Amino acid sequence: MLRQLRQILSAPTFEDEEKNRVAGLLYLVLRFVIVAMFAALPILAFSTTAENVLPLVYVIVPYLIVNIVAYSLMRNGRVQLASYIFIIINGIAIFAAYAVSPQESIGSAIGFLILIAFTTLLLDARAVARLITAIVLFTLIIAVGRVNGWITPIFTQSADAIAEWISTTIVYVLTGVGLILSSQSLYRALTQARTSAQEARKSNQELTELRDALERRVDERTAELTVTSRQNEKRARDLETINEISQAISTEQNMDKLLPLITNVVSERFGFYHVGIFLNDPSGQYAVLAAANSAGGQKMLRRQHQLRIGAVGIVGYVTGTGTPRFAIDVGADAVYFNNPDLPETRSEMALPLKVAGKVIGALDVQSTESAAISNDDIATLSILAGQVSIAIENARLYETTRHSLEQTEAAYRQYVQNEWLHLAREERLSGFRYSGGNSAPLEAPLDLGEAGRVAEAGSIHQSDADESGKPAQLAIPVKLRDQVIGVLHVTTQQKERWTDDDIDIAESVAEHLGLAIENARLFLTSANRAARERIVSDISSRISGNIHMKNILQVAAQELSQALNGSDVLIQIQPPKQTSEVEE
């Protein structure tokens, strides 16, 4: 209990420096105001005249309650809201005191200065400017009202000099406290500014030392880079080649075309006589050759060449371990698989193809020269393997996404069709017709003949007027996501044939008409759903507001009847059957 009381009366702390400053000041002010008002209430009641006691109680008691609320909000972290509440309630009190006090009252005028001071400390400059503007306008209105006799002071000047001294002293004390708190806040802000300046100077000194150290390090690194520049030039050329290869393969999404393209481009740019791409089968047991550029590789493709993962050859080793491996002399490498289709191979390197850390295959490159592959080539070509992995995965995702999109579009077309059939039955609206300056809804769909059948199939139908008096016709399908939901049919006796501009205008109208109708349908569906949910919520809230069984049943039946247009509602309570009765 004592610990909780101590926690309530202690100053709150926050991580934000400005918020912590305002909270500390507001804590002192609110605590002083609340204690002072509790103490000042009997003193003011004793020192003022009898007719002023009741107005004082009406003013001070709500004032105390609001300040206590502001104190609670401040402790819960709502410092800015508490500051506004404090300024507003004190502003209301001071403005009201000025309006109902006699013109010679010093306290009400000094109250404006106190309010400006606290606003400066707790809020920003815009709040101070708005407050000063409000004070100027308010005092002007009060002055005009007093001159014309519209406003009469409620409080009267006390005849007792001691009582008047007590009231004035309270105002002076509050003013002094406000000035003390202001000076303390300014002093703390100045101290923080000095501390920040010292920290900034220290940081600048450290940055200067760090800059000097970095300059020395840059000089050292420059010397080192000069030594390794030749190696980097080769690596840069290889990376540029990899970038060109990536651009070449990034535009192809068809897996059957992508894999051969990769093998051909890598062979051409890096000079390997054989490049093959192996992909792991779904069972994870074999790495299957999926593409190759060489003549021997084509033979391997025709016989569906595959290697057991983790068991056969360099490719099997790479797909099993997920790490690159190369042989500068295949004759001396125990892991090498002697392939009769590639007799000219003297050096070989295989790189794992990974997606999200999972091995999906291997990129196999072979050269007719011994020691044609080095450790630097592994680092460079590993980047290429990563690009190839991404291209393969993108192609797979493209195929999967395209298939899913086709299924989604088909499902959405079916959904749109079902929704429009449902809407047509509910709304009982087949369309509208405008003819001869009059418009009217269609009671049933009209048979538009060949024009209607062509439009319903998704095509535009137009026919010219003939000598028999048949008008020119234009029928355009109204579509929504390639689904025909209506027909726009136009006939005229004013022209023999339709121009391209006429058709373009009608097509644009039909396109916007489909979107507008769909938006209206969606809005109607949402509105109906919202109305149902609102009715259910209203009924539930009225039911939950009762605790007696009879009232609950009565309210539920009555509200449901009103929601269903006066339908008869019966709610019957039926006790559950006993176990023996259920068995019988």
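Residues numbered from 1 in each chain as written. Predicted model: local features only at pLDDT ≥ 70, side-chain atom pairs only at ≥ 80, totals over all residues. Heavy atoms only, no water.

**Comments concerning the sheet that holds strand β9 (residues 461-463)**
The 3 strands are arranged β9-β10-β11 in an open sheet whose pairing can be described as antiparallel. In this open sheet, the two edge strands, each paired with only one partner strand, are β9 and β11 (483-492). Strand after strand, the sheet turns through a mean of 15° between neighbouring axes, direction not considered. As judged from the 9 bridges shared by strand β10 (residues 472-480) and β11, these two strands associate in the antiparallel manner. Residue Leu480 lies in a different strand from β11, and its bridge partner there is Gln483. Contacts between helix α13 (residues 500-544) and the sheet are confined to β9, β10 and β11, with β10 contributing the most and set at about 35° to the helix. (Pairing = 2+ DSSP bridges. Helix = DSSP H or I, 4+ residues; strand = E, 2+ residues; numbered from the N terminus. Axes fitted to C-alpha atoms, helices over the stretch in contact; angles between N-to-C directions. Contact = heavy atoms within 4.5 Å.)

**With respect to the sheet that holds strand β5 (residues 347-355)**
With antiparallel pairing, 6 strands are arranged side by side in an open sheet as β3-β2-β1-β6-β5-β4. Bordering the open sheet on either side are β3 (306-308) and β4 (325-327), each of which pairs with just one other strand. If you compare each strand with its neighbour and ignore which way they point, the axes differ by 25° on average. With 9 bridges connecting them, β5 and strand β6 (residues 358-367) associate as antiparallel partners. Along β6, the bridge assignment pairs Pro352 with Ala362. Of the strands in this sheet, β1 (274-280), β2 (286-292) and β6 touch helix α8 (residues 255-270), which is tilted by about 145° from β1. Contacting β1, β2, β3, β4, β5 and β6, helix α10 (residues 313-321) runs over the sheet at an angle of about 30° to β5.

**A look at a nonpolar patch on the surface**
Taken together, Leu54, Val57, Tyr58, Val59, Val61, Ile65 and Val69 make up a surface patch of nonpolar side chains, about 610 Å² in accessible area. Tracing the sequence through the fold places Tyr58 in helix α3 (residues 50-75). On the basis of relative accessible area, Tyr58 is assigned to the exposed category, the value being 57%. (Patch = residues over 30% accessible without salt bridge, like charges linked within 9 Å, V, L, I, M, F, W, Y side chains within 5 Å. Areas by Shrake-Rupley, 256 points an atom, 1.4 Å probe, with all protein chains shown as cover. Salt bridge = Lys/Arg side-chain N within 4 Å of Asp/Glu carboxyl O. Buried < 20%, exposed > 50% of the residue type's maximum accessible area, 1.4 Å probe, protein only.)

**So, the side chain of Asp281**
Secondary-structure assignment places Asp281 in the loop between β1 and β2. An unpaired buried charge is present at Asp281: no salt bridge exists, and Arg308, the closest side chain of opposite charge, is 8.5 Å distant. Only 2.9 Å separates the side chain of Asp281 from the side chain of Ser283, close enough to count as a polar contact. A distance of 3.1 Å separates a polar atom in the side chain of Asp281 from the backbone nitrogen of Gln285. Sequence-distant contacts of Asp281, that is, excluding residues within four places in its chain, are made with Tyr286 and Val288. (Lys, Arg positive; Asp, Glu negative; His and termini not counted. Polar contact = N/O pair within 3.5 Å; in protein donor to acceptor, adjacent residues only side chain to side chain.)

**Focus: the pairing of β5**
Successive residues of a regular strand alternate their side chains across the two faces of the sheet. The element β5 is largely enclosed, with a buried count of 7 among its 9 residues. When β4 meets β5, the two strands line up antiparallel, connected through 3 bridges. Note on β5: the bridge partner recorded for Arg325 is Ala350. Here β5 folds back onto β6, and the loop between the two strands holds 2 residues, one of which, Ala356, carries a positive phi near 55°.

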